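Letter by letter, the chains look like this.
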Amino acid sequence: DTAVSQTPKYLVTQMGNDKSIKCEQNLGHDTMYWYKQDSKKFLKIMFSYNNKELIINETVPNRFSPKSPDKAHLNLHINSLELGDSAVYFCASSQLGAREQYFGPGTRLTVT
Amino acid sequence: GENVEQHPSTLSVQEGDSAVIKCTYSDSASNYFPWYKQELGKRPQLIIDIRSNVGEKKDQRIAVTLNKTAKHFSLHITETQPEDSAVYFCAASESGANNLFFGTGTRLTVIP
């Protein structure tokens, strides 16, 4: 069974569009995250979220917003897409206090 | 915020030899240090981690050492095999916060 899943796997879109990436985990974890991996393979935290607190990396533009309909889902919405947003976006989850994070398969976003 | 540096960026070894990857961190409050392996086109996967109350941890052919005073930690892979070829990331996380701050990655190539 897939522990952390993301859809879509690939997303190609034009500049200026708004898009969403979905993430679901079936591990019963209470904390979820979004990471961005750029073309040089650098992995950077964008957000972490549990049912009490959203922590935003200060470098993330406010065009990016996480939305959590429930504890098992953390979706990423991106407005007014720019060329520099092209990257692989990974969702992850963990149990608060347990520290180990489990990553989803990634979504490759290409903005043209 | 935390700053994690990782060296080398690329590493080639002959099959059977050992590989060592080193990381330093800046925030003395960090107390959790995982290592992730990312194969081409795949998600990062946790291979080993260490907490700040431990100086060394081993799991079969992999080991991690931590020097809190010097703020550095290292990954050691012995008897390398071609399937060890991947990008390896170190990371650091602060007490009370689960956000992982990643190093820049090391591309390990094991030559058969």
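Our structure's up above, just so we're on the same page.
All of these numbers come straight from a predicted model, not from anything done at the bench. (Residues numbered from 1 in each chain as written. Chains lettered and ligands numbered in written order. Predicted model: local features only at pLDDT ≥ 70, side-chain atom pairs only at ≥ 80, totals over all residues. Heavy atoms only, no water.)

1. Side note on the pattern of salt bridges
- Summed over the entire model, instances satisfying the criterion amount to seven salt bridges over all chains.
- Where R63 of chain A meets D85 of chain A, a salt bridge forms, and the shortest distance between an N and an O atom there is 2.8 Å. Taken together, the residues R63 of chain A in the loop between β6 (54–56) and β7 (64–67) and D85 of chain A in the loop between β8 (75–78) and β9 (87–94) connect sequence positions 22 residues apart. Just as R63 of chain A is buried, D85 of chain A falls in that class too.
- A salt bridge links R51 of chain B to D49 of chain B; the nearest nitrogen and oxygen atoms lie 3.8 Å apart.
- Judged by relative accessible area, which is 30%, R51 of chain B ranks as partly exposed.
- Ionic contacts of the salt-bridge type, sharing partners, join the residues E100 of chain A together with D49, R51 and K57 of chain B into one network. (Salt bridge = Lys/Arg side-chain N within 4 Å of Asp/Glu carboxyl O. Helix = DSSP H or I, 4+ residues; strand = E, 2+ residues; numbered from the N terminus. Buried < 20%, exposed > 50% of the residue type's maximum accessible area, 1.4 Å probe, protein only.)

2. Examining the pairing of strand β6 (residues 56–59) of chain B
All names here are of chain B.
- Where β6 and strand β7 (residues 62–67) come together, four bridges link them in antiparallel fashion. When the sheet's bridge partners are listed, E56 is paired in β7 with T65.
- What sits between β6 and β7 in their antiparallel hairpin is a turn of two residues, with Q60 showing a positive phi close to 60 degrees. (Pairing = 2+ DSSP bridges.)

So, to be careful, I would describe these as geometric facts and stop short of saying anything about function.
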